[in-house]
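Breakdown of the fold
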2 protein chains.
Amino acid sequence: VVVGERAVREDGRRRREAIVMKAVELASLDGVQGLTIGHLAAELEMSKSGVYAHFGSKQELQLATIARASVLFTDRVIEPAAAQPPGLGRVIAFCDSFLRYVRRGDLPGGCFFASATLELGGRPGPVKQAVAEHQRSTWTLLYSYLAEAVGTGDLAESEDLQHLMLELQGILLAANSRYVVEDDDGVLTLAASVVRRRLGVPDGWTPRRVTPD
Amino acid sequence: VVVGERAVREDGRRRREAIVMKAVELASLDGVQGLTIGHLAAELEMSKSGVYAHFGSKQELQLATIARASVLFTDRVIEPAAAQPPGLGRVIAFCDSFLRYVRRGDLPGGCFFASATLELGGRPGPVKQAVAEHQRSTWTLLYSYLAEAVGTGDLAESEDLQHLMLELQGILLAANSRYVVEDDDGVLTLAASVVRRRLGVPDGWTPRRVTPD
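Residues numbered from 1 in each chain as written. Chains lettered and ligands numbered in written order. Predicted model: local features only at pLDDT ≥ 70, side-chain atom pairs only at ≥ 80, totals over all residues. Heavy atoms only, no water.

**A word on the overall build of chain A**
Definition in use: Strands here are runs of E lasting at least two residues and helices are runs of H or I lasting at least four, both read from the DSSP assignment and numbered beginning at the N terminus. Burial classes: relative accessible area under 20% of the type maximum marks a residue as buried, over 50% as exposed, and values in between as partly exposed (1.4 Å probe, protein chains only). The criterion used for residue contact is that any of the two residues' heavy atoms lie within 4.5 Å. Calculation of accessible area relied on Shrake-Rupley with a 1.4 Å probe; when residues are assessed, cover is drawn exclusively from the protein chains displayed.
Helix and strand content of chain A: 9 helices and 0 strands. Counting helices and strands in the order they occur from the N terminus, chain A gives α-α-α-α-α-α-α-α-α. Along the longest, intermediate and shortest principal axes, the C-alpha atoms of chain A span 60 × 40 × 30 Å. Taking all 213 residues of chain A together, 49% fall into the buried category. For chain A, the proportion of contacts with a sequence separation of at least 24, taken over those separated by at least 6, is 64%. Of the accessible surface of chain A, which amounts to about 9,600 Å², a share of 53% is contributed by carbon and sulfur atoms.

**Points about unusual backbone geometry**
Within the chain, Glu45 of chain A stands out as a residue other than glycine whose phi angle is a positive 50°. With respect to the helices and strands, the residue Glu45 of chain A is situated in the loop between helix 2 (37–44) and helix 3 (48–55). Owing to a relative accessible area of 76%, Glu45 of chain A belongs among the exposed residues under this scheme. Positive phi, normally seen in glycine, also occurs at Asp183 of chain B, with a value near 50°. Within the element layout of this structure, Asp183 of chain B appears in the loop between helix 8 (161–182) and helix 9 (186–199). Taking relative accessible area as the criterion, Asp183 of chain B reaches 58% and is therefore assigned exposed.

**Here we look at the environment of Asp154 of chain B**
Residues and elements named next belong to chain B. For clarity, the threshold we go by: By the criterion applied in these results, polar contacts are pairs of N or O atoms within 3.5 Å in which, for protein atoms, one can donate a hydrogen and the other can accept it, and in which residues neighboring in sequence qualify only through two side-chain atoms.
With respect to the helices, strands and loops of the structure, Asp154 is situated in the loop between helix 7 (126–151) and helix 8. The spatial distance from the C-alpha of Asp154 to the C-alpha of Ile171 is 20 Å, given a sequence separation of 17 residues. In this view, Asp154 contacts Gly87, Leu88 and Ala149; residues no more than four positions away in its chain are not counted. A polar side-chain atom of Asp154 sits 2.7 Å from the main-chain amide nitrogen of Leu88.

**Some words on the relation of the copies chain A and chain B**
Counted only if it meets this: Superposing copies: least-squares fit, C-alpha atoms only, residues required to have pLDDT of at least 70 in both.
Its rotation angle being 180°, the transformation that places chain A on chain B also includes 0.0 Å of axial translation and leaves an RMSD of 0.0 Å. Look at the turn and shift together and you get a two-fold axis relating the two. The position closest to the rotation axis in chain A is occupied by the C-alpha of Gly170 of chain A, lying 1.8 Å away. Interface residue correspondence from chain A to chain B reaches 100%, placing this contact among same-surface, isologous pairings.

**Description of the interface of chain A and chain B**
For an interface, size is often stated in terms of accessible area lost upon the parts coming together. In plain terms, the rule: Two parts placed together each lose some accessible area; with a 1.4 Å probe, that loss summed over both constitutes the buried area. Any Lys or Arg side-chain nitrogen found within 4 Å of a carboxyl oxygen on Asp or Glu counts as a salt bridge. Charged residues are taken to be Asp, Glu, Lys and Arg, nonpolar residues to be Ala, Val, Leu, Ile, Met, Phe, Trp, Tyr, Cys and Pro, and polar residues to be all remaining types, Gly included.
Tallying the contact residues gives 38 residues for chain A and 38 residues for chain B. Buried surface at the junction of chain A and chain B, summed over both partners, amounts to about 3,500 Å²; 62% is from carbon and sulfur atoms. Between chain A and chain B we count 6 salt bridges in total. In this structure, Lys128 of chain B engages Asp183 of chain A in a salt bridge whose closest nitrogen and oxygen atoms are separated by 3.4 Å. Broken down by secondary-structure element, the contributors of at least two residues to the side of chain A that touches chain B are helix 1 (2–30), helix 6 (112–120), helix 7 (126–151), helix 8 (161–182) and helix 9 (186–199) of chain A. With 15 residues, the top contributor of residues to the side of chain A that touches chain B is helix 8 of chain A. Of the residues that constitute the side of chain A that touches chain B, the class distribution is 16 nonpolar, 13 polar and 9 charged.

**Comments concerning the state of the cysteines**
All names here are of chain B. As a reminder of what qualifies: Whenever a pair of cysteine sulfur atoms sits within 2.5 Å, that pair is classed as a disulfide.
The tally for this structure, following the rule as stated, stands at 0 disulfides over all chains. With no disulfide partner, Cys95 has as its closest neighbouring cysteine sulfur the one in Cys111, 13 Å distant. On the accessibility criterion, Cys111 (2% relative accessible area) is buried.

**What about the pattern of salt bridges?**
All names here are of chain B. Per the counting criterion, the structure on display carries 34 salt bridges over all chains. Arg76 is paired through a salt bridge with Asp75; the nearest N and O atoms lie 2.9 Å apart. A salt bridge links Glu148 to Arg90, with the shortest nitrogen-to-oxygen separation between them at 3.0 Å. Highlighted residues: Glu148 in helix 7 and Arg90 in helix 5 (residues 88–104), separated in sequence by 58 residues. Here Arg90 falls in the buried class, since its relative accessible area comes to 11%.

This is the structure:
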């Protein structure tokens, strides 16, 4: 009986995970506000009440979607950077991973959080807060990578890290925006060069591969 | 009778303009895809058929909204730059005007086109094309300002203008994104400093005022 209960729970968990992953895809096309239980149910060929049972409200679904998109971002962008030793290699790994995450096209609308931030900017509330929280923790992490690179001597002590942060964020956001609108991945290659020139490393230089891709 | 007809036409033009301006505001909150004739009619306390008479279809309304947002962008961002003589002053006027346009908060969701680009990225069609066309012409214009600044000797011939373009676009987009999510205009001031440092002009330097604000 205990094994049976565990199997049922495991099955429910897997179903919920499949629903949330589909919700991330749909939200990347229609926006977090455009996500509805009805549309999601139709895409999954489930009943609305079946989807509703997993979330209970549209806001609950939106928050679960943002949490799942955050796990995807961590997996694609942060983990490859965290696997590098401190220094410029880690900063460049972060930027390269971001550009690769956009190019892979897991999400048809480019970076989930770049879109969600602008979509929800004018809509204060728990859903905007969840997106803001992801953004804060991501950019705080990149800032800590820059500070580490000053510590290792890869970046000069005189470097203004708030300036450099805004520049790197900007290169990544501009690349994402132009890739989405121009459907040409040349801008992602250009962005990788711009990052390297800004950080004073040779074009084409890559951090040592420390994890399998 | 002729005067009467002209007055009727003028009245219709003004009504259409008021509807489209409200549509720009609503689209900045709910997205271009989230814009509906029903919602717009409710906001304007008009009948749906009254709004429908001016546009005929949702796509027509979306295209008119994008065209109106483009006029607003030209007015706020491009005209102050075009009023400057060629050189770095014009480039900086463009960036400053963009940051001022975001700060003014005419649109609660920040720059209309930054949002619309990411919203419509995964949705090919005439509406995405209209946004892409605005983006192309805006960035082509900024590129021509950079080329002029090489011509006047304000920028070195060795400057890679494709790199510099992506960096400036990036600083503006990152500032817009952080302003929208953090509700703190300090990032707009920071961005103005970063633009100046990147272009090699002193912090706080401003182009000579050539038009009344």
